[in-house]
Amino acid sequence: MRLFNAYHDDCGFQPIVVFDAAGRPVAAMLRPAKRPTGVELHCFLRRLVKEIRRHWARIDILLRADSHYCAPEVLDFCRAARVDFIFGVAATKTLRRHVEALEVSIRQRQAAARSDDKLRRYKEFHDGAASRKRVERIIARIEAGPQGVDTRYIVTSLKGGSARSLYEGIYCRRGQTENHIKAWKRHLAADRASCTRVAANQFRLMLHTGAY
């Protein structure tokens with residue numbers, strides 16, 4: 001399963017690691033160092049949700065993840081399994097058309113202010129790619145600063161909440177999860193996978209997760 005990853009210029013793995021909102025580890029699965037497909041993510045989430053609901057049948061589940069998870073297979077599964085989600089979305093020409101005018105306006109206002117402070121605005125709309133069966137609620141975060149304009153997109157099944165509160169209050173809390181992963185790796189050497197068999201490396205990953 002060990003593969004070469006051009007971005008990291010090294011061979012290794014890219015495990016799927018899940019934490020709950022309180023920072024407690026939920027699952028860790030060893031996998032090759034490549035972008036996961038929608039089918040792979042669907043299979044993993046199906047097992048994960050099934051196991052959670054085996055213990056807590058009526059619990060509400062909200063999945064928060066990056067744009068890798070914004071795949072048709074994952075979105076369809078979430079709706080069928082009554083799982084809410086808030087995922088990052090890769091920028092496309094279709095999405096950019098919704099915010100082009102706002103990007104120009106924010107850039108001009110930030111430049112007129114002659115300040116190094118960044119100007120941030122949000123826009124909410126509904127759109128759907130050709131690969132999706134339905135339109136989704138999309139939130140765009142547009143930020144203008146001295147270095148230019150930066151726009152990020154998220155998709156969510158949540159009906160309530162303002163665009164700002166969903167992006168800053170829920171989605172951006174993924175940053176804390178990244179800190180958990182860094183601590184998991186640095187303090188417990190969880191990224192060490194020096195065994196010669198997949199099962200042994202997966203067991204090592206489970207031990208590191210249990211230690212965390």
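Before reading on, note that the structure itself is shown above.
In this report, we go over the structure that sits alongside the text. Residue numbering note: each chain is counted from 1, following its sequence as written. Where totals are concerned, whole chains, interfaces and linings use all residues; where local detail is concerned, this predicted model gives features only for residues with pLDDT of at least 70, and gives and counts side-chain atom pairs only at 80 or more. The side-chain figures draw on all heavy atoms in the structure; neither hydrogens nor water molecules are used.

1. Quick word on the overall build of the protein
Right, on to step 1. Along its length, the protein carries six helices and nine strands.
Right, on to step 2. Considered along the principal axes of its C-alpha atoms, the protein spans approximately 60 × 40 × 30 Å.
Right, on to step 3. When the 212 residues of the protein are sorted by exposure, 39% land in the buried category.
Right, on to step 4. Counting only contacts in the protein whose residues sit at least 6 apart along the sequence, the fraction spanning at least 24 positions is 50%.
Right, on to step 5. For the accessible areas, the method is Shrake-Rupley and the probe is 1.4 Å, while residue cover comes only from the protein chains on display. Total accessible area on the protein stands at roughly 13000 Å², and carbon and sulfur atoms take up 51% of it.
Right, on to step 6. Positive residues here are Lys and Arg, negative ones are Asp and Glu, while His and the chain termini are left out of the count. By convention, the charge on Lys lies at NZ, on Arg at CZ, on Asp at CG and on Glu at CD. Taken together, the 40 basic and 22 acidic charged side chains of the protein have centroids lying 3 Å from each other. Helix numbering and strand numbering both begin at the N terminus, where a helix is a DSSP run of H or I of at least 4 residues and a strand a DSSP run of E of at least 2. Between buried and exposed lies partly exposed: a residue is buried under 20% and exposed over 50% of the maximum accessible area for its type, with that area taken using a 1.4 Å probe on protein chains only. Residue contacts follow a heavy-atom distance rule, with two residues in contact if any of their heavy atoms lie within 4.5 Å.

2. Overview of the packing of aromatic side chains
Right, on to step 1. In this analysis, rings of Phe, Tyr and Trp, with Trp reduced to its six-membered ring, are considered paired at centre separations within 6.5 Å, and the interplanar angle assigns stacked below 30 degrees, edge-to-face beyond 60, and tilted for intermediate values. Applying the stated criterion across every chain, the model contains five aromatic pairs.
Right, on to step 2. The interplanar angle of 75° and the centroid separation of 5.7 Å between the aromatic rings of F19 and Y212 together place this pair among those described as edge-to-face. Here F19, found in strand β3 (residues 16-19), pairs with Y212, found in the segment after α6 (198-211); they are 193 residues apart in sequence, far enough to count as distant.
Right, on to step 3. Looking at F19, the relative accessible area reads 12%, which means it is buried.

3. A few points about the nonpolar core
Right, on to step 1. To form a nonpolar core, buried Ala, Val, Leu, Ile, Met, Phe, Trp, Tyr and Cys residues must be joined to one another through side-chain atoms within 4.5 Å. F44, L45, L63, C78, F87 and Y153 are the most contacted members of the largest nonpolar core, which totals 36 residues.
Right, on to step 2. By residue number, the principal contributor to this core is helix α1 (residues 38-55), which donates six residues.
Right, on to step 3. Among all residues touching F44, those that are not within four sequence positions of it are I16, V18, A27 and M29.
Right, on to step 4. Residues I86, I154, Y167 and Y171 belong to the second largest nonpolar core, which totals ten residues.

4. Observations regarding the pairing of strand β6 (residues 84-89)
Right, on to step 1. In terms of residue burial, β6 counts as a mostly covered element, since five of its six residues are buried.
Right, on to step 2. What makes two strands pair is DSSP finding at least two bridges between them. Strand direction decides the pairing type here: strand β5 (residues 62-65) and β6, joined by four bridges, are parallel. Residue pairing for β6: A65 is matched across the bridge by F87.
Right, on to step 3. When the strands point away from the viewer, a crossover counts as right-handed if the path from the first strand over the helix to the second runs clockwise. Crossover β5 to β6 through helix α2 (residues 72-80) is right-handed.

Shape descriptors only; they carry no functional weight alone.
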